[in-house]
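# Residue-level structural notes
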Protein chains: 2
Amino acid sequence: MSTAEETTGGEAEPWDEVTPDAARRLLVAAVEAFAERGYHATTTRDIAGRAGMSPAALYIHYKTKEELLHRISRIGHDKALDILRTAAQREGSAKERLADAVSSFVRWHAGRRTTARIVQYELDALGPDARAEIVALRRQVDAEVRGIIEDGVAAGEFDVLDVQGTTLAVLSLCIDVARWFSVNGPRTPEEVGALYADLVLRMVGAKQPDRT
Amino acid sequence: MSTAEETTGGEAEPWDEVTPDAARRLLVAAVEAFAERGYHATTTRDIAGRAGMSPAALYIHYKTKEELLHRISRIGHDKALDILRTAAQREGSAKERLADAVSSFVRWHAGRRTTARIVQYELDALGPDARAEIVALRRQVDAEVRGIIEDGVAAGEFDVLDVQGTTLAVLSLCIDVARWFSVNGPRTPEEVGALYADLVLRMVGAKQPDRT
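Values in this document were obtained by computation on a predicted structure and should not be read as measured data.

## So, the relation of the copies chain B and chain A
Least-squares fitting of chain B to chain A yields an RMSD of 0.0 Å, with the transformation described by 0.0 Å of translation along the axis and a rotation of 180°. Expressed as an axis order, the relation between the two copies is that of a two-fold axis. Distance from the rotation axis, computed per C-alpha, reaches its smallest value in chain B at A41 of chain B: 2.1 Å. Both copies present the same face, since 100% of the interface residues in chain B are matched by interface residues at the equivalent positions in chain A.

Here it is, written out as structure tokens:
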């Protein structure tokens, strides 16, 4: 169900952090192949073929299939952390920062859903070192959202019984957008982002609900 | 990451609707193999081997690998629908019924997470007819939750701006438990179910929050 349009998620230059161009093309091909057939059913030969390259050319850039998955997962998690950190560190109340974090995180998961699915569902295929690195990034992602919720509780803006559990639920709700979102569905990524920001503010018991 | 314990999810007799015993063993083997390597990387030979049977013996019960996936998906969706229908049709306020629906749906997704992941992530691998059947079941799942929310709105128990979108978010939150839940984590399925029932009642703006 992956198409070039879905893979890019409407972003003008996805994967532009990957250079040179051949390495970027191979990464995009790997995302498409993993999304269609799963990591284990994909060979480096499949990936090279999709990129219009030889297997030998692939090995110049990536030693193993796992290295490709690791690179995709690393970039995906770096971007997720960047989105949440930007929202957490901006000016504004905890309510404004949480709404911003949720809506931008949702938009990213809707737009880059093919990448997000691979990043989430193929985590077990990473080797121990790569996995430990990604798990550390996931802890940082969690800490950004938890920090905003803790700020809101401390400021009396939020009413939360279980900060850790609510943080987990907020992230889970946003991440699962990658599973169900469809460009053929009735909602745009922006609309889902706005709906989810409202629902999450309800989950944290935000005072003075903004219902305009 | 699949183990026999995870596959059964602590249920005494999972898949007991599948008979004879050989057909049930093959189904359990298919769940384990799909969970470990993905649908496309799994062969009927792999599945037969795991079940301690020959490929020829497998074909007595299942004509194709897709038939196994279809059967797993059908049973999983039937069970999901049964859980939600039971909660929707019980006695009680919309608030009680929604809390019951969410907590029991979460417990099932935590306990049967290996099956739930396959059911959710390998949907695209089904052929058109099987897929249409499963999509129809998913609409019924959606309708059960939407019905409870609509009842709550009509009774003045809930305050919901977007019933369809909130229904989608509630189901998504519960389904994604299958992705992140771990028996090594700090929460039991029952604890996650109780937390999520509270969070969902907040999402629908339930009056008189039960915060004991």
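Further notes follow.
## A look at the domain arrangement of chain A
Much of the literature gives interface size as the accessible area that the parts lose upon coming together. All names here are of chain A. Domain annotation for chain A reports domain 1 (4-61) and domain 2 (66-203). Taken over C-alpha atoms, the centre of domain 1 sits 24 Å from the centre of domain 2. Opposite the 22 residues of domain 1 that make contact, domain 2 presents 17 residues. Summing both sides of the interface, domain 1 and domain 2 together bury roughly 1,700 Å²; the carbon and sulfur share of this comes to 64%. On inspection of domain 1 and its partner domain 2, the count reaches zero salt bridges. Summed over the shared surface of domain 1 and domain 2, the number is two residue pairs in polar contact (both at pLDDT 80 or more). Looking at the side of domain 1 that touches domain 2, the elements with two or more residues in it are α1 (4-8), α2 (21-37) and α4 (55-61). Element by element, the count of residues in the side of domain 1 that touches domain 2 is highest for α2, at six residues.

## Focus on the interface of chain B and chain A
With 35 residues of chain B in contact, the opposing surface of chain A contributes 35 residues. Its largest share of buried area at the contact with chain A, chain B owes to H40, R179 and R202 of chain B, together 19% of the area lost on that side. Between R187 of chain B and D162 of chain A there is a salt bridge; the shortest N-O distance is 2.7 Å. Taken together, the links from chain B to chain A amount to twelve residue pairs in polar contact (both at pLDDT 80 or more). Those elements that provide at least two residues to the side of chain B that touches chain A are α2 (21-37), α7 (113-121), α8 (128-154), α9 (163-175), α10 (177-180) and α11 (189-203) of chain B. Of the residues contributing to the side of chain B that touches chain A, the split by class is 15 nonpolar, seven polar and 13 charged.

## A word on the packing of helix α5 (residues 65-89) of chain B against α7 of chain B
All names here are of chain B. Following both chains from N to C, one finds α5 and α7 inclined at 110°, their axes separated by 9 Å at the closest point. Here α7 runs roughly perpendicular to α5, going by the angle between their axes. Handedness of the crossing formed by α5 with α7: left-handed. Facing α5, whose interface residues are L69, I72, S73, G76 and H77, α7 presents T115, I118 and V119. In terms of residue class, the contact of α5 with α7 is made up of four nonpolar, four polar and no charged.

Cut-off values and rules
Residues numbered from 1 in each chain as written. Chains lettered and ligands numbered in written order. Predicted model: local features only at pLDDT ≥ 70, side-chain atom pairs only at ≥ 80, totals over all residues. Heavy atoms only, no water. Least-squares fit on C-alpha atoms with pLDDT ≥ 70 in both. Contact = heavy atoms within 4.5 Å. Domains from an automatic or database assignment. Buried area = accessible area lost by both parts, 1.4 Å probe. Salt bridge = Lys/Arg side-chain N within 4 Å of Asp/Glu carboxyl O. Polar contact = N/O pair within 3.5 Å; in protein donor to acceptor, adjacent residues only side chain to side chain. Helix = DSSP H or I, 4+ residues; strand = E, 2+ residues; numbered from the N terminus. Nonpolar A, V, L, I, M, F, W, Y, C, P; charged D, E, K, R; others polar. Axes fitted to C-alpha atoms, helices over the stretch in contact; angles between N-to-C directions. Parallel < 35°, antiparallel > 145°, perpendicular 65-115°, else oblique. Left-handed = near helix turned anticlockwise from the far one by under 90°.

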